[in-house]
Amino acid sequence: MGLLSDPNRRQALINLLTRLNAPICFVCYFAGVAWFMGLAFEPFTLRTYMSENAMGSTMVEERFPAGERALATGREFAAHKKKVGGMPVDWLVKTMQARGLEVFTQSFSRTLPFPDENTERYVVKGTNVYGILRAPRAPRTEALVLSAPCTPGDNNNQAVGLLLGLAHYFRNQVYWAKDIIFLVNEHDLIGMQAWLEGYHHTNVTGMDWSPLQGRGGSIQAALSLELSSDVITSLDIVLEGLNGQLPNLDLANLFYAFCQKIGVLCTIQGKLQRNDWDSVSGYNHAVQTMMLMVMKQASGRPWGDHGLFLRYHIEAATIKGVNSFRHYKTDATTIGRLLEGMYRKLNNLLERLHQSYFFYLLPSLSHFVSIGYYMPAFGLLVVILLLRALDLWVQLTAQPSRTEDGTSAAEQSSPGVLSVLTPLVISHLTGAALYMLPVRFQEVAVEHFPVSETEAVVLTAIAVYTAGLALPHNTHRLLSGEGTETGWRVLKLVALLYLAVLLGCTALINFSLGFILALSLVPAAAFVTPHLPKALSAFFLVALSPACTLLFSVFFFQELQEMPVSFQDGWLLYLSVIAQGMLDHYLYGSLVFPLVALLVYPCWLLFWNILFWK
């Protein structure tokens, strides 16, 4: 405190920070990247542990015996699904009723803002079927959910069969203290969204659905099951939800504990656990696993039906069965026993899961990185913006020199309000156009160009994004006179503080998205000036723009999945990712598209304007 309260010492500190500003910024950037990469090194991470006392032990006896019967039910479900050409609603209702459940249905419909070419659908109509097993030993104020999506073709039939088998087995047990809801949802995420909105009496996406006739208690936890084979080699847990939300870490710990107990191979991001952490290959494996989680979380999309539960503060995860070429095989009975054990432990909860972490990264299922470990890496990047803003502030407030007529040079070249306000307004209007025009003008584009609706939306977005590059450096034509030297410094000071606040708020909601944006935007923001070579600087500034960051991320994600693609295939995948991001926003409320269009892109345009300042 004495250092800051003493004017002389404070001035000496400011002089030091301004004199060594550029070297300190370089050190902070590389230190932040190195800190983040070091998080995957096992000695720097924490071992996972069960924080919730009610789930602290796996000492329950799993007795589920009917794996083969469940697979037979799955085959019967597949036959009826093929016969009716979709969800066999009547058969599911009769089957659930025969197992002693209270059975209800919900119809829903949704018209997409533009066709989804990945699933070839535009107007979606479907029916959800769910059965409720009432708790015999409690006042029925709480509930658990087990869901299985009804997908086209031969996918996930085994999951529905196992769900029905577990419903029959659970019905004969007397220890349940919570209602258990068995849900089969149609049209994957759209059906799940309709059911959750109906269950909680909310409508945040404008979907049409019929009210639910039966409800259980307040949902405490949920699991979504995806099985498409009679035998599996491993179980993969998916945690990433809408807008980068994650379930309480104890839910992943519970899954890992029962996999260890029963002897099932378990993976995360499709990666098996490795013990050779002290080798280069072991470290690369951990980095790859952690970066896959970062990329999925940054996308903001739900990576399974569980992702929509998290919006309602319901801890949920998706369990996928993987059938690979490993010799180790697991049958349906073993999977059923694992789920039985998990639900029996969740049944013991006296309150919602809250003891463990909600903000974490997982380089493996046995180790995790908490928020206190990864936030310093982000802080080292953001502090660069504050250091550059401090340097500009010192330059702007330095004692001005006097001219012969007694006026200061700063007074002669002081920027007007319009010289700073005009780029801000135009940049944000461009962002608003990027957000609104693609969907609104798709019909006009289809009439005048030989493209589909989806292509029209994506190409319109790219056109608006590209056209925005021509606007900011022409804003001075709206003003009288040329921009001043002090003007671009004031604009950059405002833009640096704007970006620092924007990245900080983004990282609090979705750390992975904030960190990736910081990696690309901080270098561009820190060192752009009007005095740099225009062509080379413009190239690097475009390469570090949000659109190019997304393009690089698409190729990087494919490399992490060990499925590299050519540039042509990568470009088509890039266009598909843009379309999917818009659909996720309009269908489920993902915030990534409006965040980039309305805030990140306009902020980047301010630095583009500074580069071409006249």
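None of the values given here were measured: they were computed from a predicted structure.

Colleague: Hey, could you run me through the overall build of the protein in this one?
Modeller: Counting its regular elements, the protein contains 21 helices and 13 strands. Relative to its length of 614 residues, the protein is compact, with a C-alpha radius of gyration of 28 Å against a globular reference of 25 Å. Seen through its C-alpha atoms, the protein measures out along the principal axes to roughly 100 × 60 × 50 Å. Here the protein holds 614 residues, and 54% of them are scored as buried. Of the contacts made within the protein by residues no fewer than 6 positions apart, 81% connect residues no fewer than 24 positions apart. Counting only carbon and sulfur atoms, one obtains 61% of the accessible surface of the protein, whose full area is about 26700 Å².

Colleague: Before we go on, may I ask you to explain the side chain of K178 in this structure?
Modeller: Relative to the assigned elements, K178 resides in the loop between helix 6 (157-171) and strand 5 (179-186). Here the side chain of K178 touches E142 through a polar contact of 3.3 Å, side chain to side chain.

Colleague: Is there a simple way to explain the sheet that holds strand 7 (residues 218-226) in this structure?
Modeller: Note: strands within a sheet are paired through backbone hydrogen bonds, in either parallel or antiparallel orientation. Spatially, 6-2-3-5-4-7-11-8-9-10 is the arrangement adopted by the 10 strands of the open sheet, whose pairing is mixed. Edge positions in the open sheet fall to strand 6 (208-209) and strand 10 (271-272), since each of these has one partner strand only. Against the sheet, helix 20 (residues 567-588) contacts strand 2 (102-116) and strand 3 (121-133), and its axis sits at roughly 135° relative to strand 2.

Colleague: I keep staring at the UniProt feature "transmembrane region" (unreviewed entry) in the protein and nothing clicks. Help me out?
Modeller: Here, the residues flagged by UniProt with the feature "transmembrane region" (unreviewed entry) are residues 20-41, 357-387, 417-437, 457-475, 495-528, 535-557 and 591-613. Regarding residues 535-557, the helix share stands at 91% and the strand share at 0%, and the terminal C-alpha atoms are separated by 30 Å.

Colleague: What's the story with the domain arrangement of the protein in this structure? I'm lost.
Modeller: Many analyses report the size of an interface as the accessible area lost when the parts associate. Segmentation of the protein into domains returns domain 1 (8-39 + 373-398 + 416-612) and domain 2 (53-186 + 219-360). Each of domain 1 and domain 2 has a C-alpha centre, and these two points are 38 Å apart. Contacts between domain 1 and domain 2 engage 38 residues on the former and 32 residues on the latter. Interface area for domain 1 against domain 2, summed over the two sides, is near 3000 Å², with a carbon-plus-sulfur share of 62%. Ranking the residues of domain 1 by area buried against domain 2 places L560, L583 and Y588 at the top, with a combined share of 19%. Counting across the interface, domain 1 meets domain 2 through 2 salt bridges. A salt bridge links R301 to D584; the shortest N-O distance between them is 3.3 Å.

Colleague: It is not clear to me how unusual backbone geometry should be interpreted in this structure. Could you clarify?
Modeller: Excluding glycine, residues mostly have negative phi values, and the peptide bonds linking residues are mostly trans. Positive phi, normally seen in glycine, also occurs at N156, with a value near 65°. Tracing the backbone shows N156 in the loop between strand 4 (142-150) and helix 6. The residue D188 is not glycine, and still its phi comes out positive at about 40°. Looking at where D188 falls in the secondary structure, it is placed in helix 7 (residues 188-200).

Colleague: Would you mind going over helix 21 (residues 592-611) with me for this structure?
Modeller: Turn by turn, an α-helix covers 3.6 residues, leaving residues three or four places apart pointing in a common direction. Its 20 residues place the ends of helix 21 27 Å apart at the C-alpha level, agreeing with the 28 Å of an ideal helix rising 1.5 Å per residue. At V600, helix 21 shows its largest kink, close to 35°, and the proline P602 lies no more than four residues downstream. Of all 20 residues making up helix 21, 17 are buried, and the element is well covered by its neighbours.

Colleague: Would you explain a negative patch on the surface in this entry?
Modeller: Side chains of E117, E120, E443, E447, E453 and E455 sit close together on the surface and give a patch of like negative charge. Counting residues per element, the ones that place at least two in the negative patch are helix 14 (442-448) and helix 15 (453-467). By secondary structure assignment, the location of E447 is in helix 14.

Colleague: Before we go on, may I ask you to explain the pairing of strand 5 in this structure?
Modeller: Working note: regular strand, side chains alternate between the two faces of the sheet. The element strand 5 is largely enclosed, with a buried count of 8 among its 8 residues. Neither face of strand 5 is open: one carries D179, I181, L183 and N185, the other I180, F182, V184 and E186, and all of them are buried. Bridge count between strand 3 and strand 5: 5 bridges; the pairing is antiparallel. Residue pairing across strands places Y130 opposite L183, the latter belonging to strand 5. Of the pairings in the sheet, the one linking strand 4 to strand 5 comprises 8 bridges and is parallel in character. Within strand 5, the position partnered with A148 by the bridge is V184. Remark: the strand 4/helix 6/strand 5 crossover connection has right-handed handedness.

Colleague: What is the right way to look at the packing of helix 16 (residues 485-509) against helix 17 (residues 511-527) in this model?
Modeller: What describes two packed helices is the angle between their axes and the distance between those same axes. With their axes 8 Å apart at the nearest point, helix 16 and helix 17 run at an angle of 165° to one another. In terms of orientation, helix 16 lies roughly antiparallel with respect to helix 17. Crossing of helix 16 over helix 17 shows left-handed handedness. Contacts between helix 16 and helix 17 involve K492, L496, L499, L503, T506, A507 and I509 on the former and, on the latter, F511, L513, G514, L517, A518, L521, V522, A525, A526 and F527. Tallied by class, residues from the contact of helix 16 with helix 17 come to 14 nonpolar, 2 polar and 1 charged.

What counts, and at which threshold
- Residues numbered from 1 in each chain as written.
- Predicted model: local features only at pLDDT ≥ 70, side-chain atom pairs only at ≥ 80, totals over all residues.
- Heavy atoms only, no water.
- Helix = DSSP H or I, 4+ residues; strand = E, 2+ residues; numbered from the N terminus.
- Rg over C-alpha atoms; globule rule 2.2 N^0.38 Å.
- Buried < 20%, exposed > 50% of the residue type's maximum accessible area, 1.4 Å probe, protein only.
- Contact = heavy atoms within 4.5 Å.
- Areas by Shrake-Rupley, 256 points an atom, 1.4 Å probe, with all protein chains shown as cover.
- Polar contact = N/O pair within 3.5 Å; in protein donor to acceptor, adjacent residues only side chain to side chain.
- Pairing = 2+ DSSP bridges.
- Axes fitted to C-alpha atoms, helices over the stretch in contact; angles between N-to-C directions.
- UniProt positions renumbered as here; feature names shortened; annotations may be inferred.
- Domains from an automatic or database assignment.
- Buried area = accessible area lost by both parts, 1.4 Å probe.
- Salt bridge = Lys/Arg side-chain N within 4 Å of Asp/Glu carboxyl O.
- Expected span 1.5 Å × (residues − 1).
- Bend = angle between axes of the 7 residues up to and from the residue.
- Patch = residues over 30% accessible without salt bridge, like charges linked within 9 Å, V, L, I, M, F, W, Y side chains within 5 Å.
- Lys, Arg positive; Asp, Glu negative; His and termini not counted.
- Charge placed at Lys NZ, Arg CZ, Asp CG, Glu CD.
- Right-handed = clockwise from strand over helix to strand, strands pointing away.
- Parallel < 35°, antiparallel > 145°, perpendicular 65-115°, else oblique.
- Left-handed = near helix turned anticlockwise from the far one by under 90°.
- Nonpolar A, V, L, I, M, F, W, Y, C, P; charged D, E, K, R; others polar.

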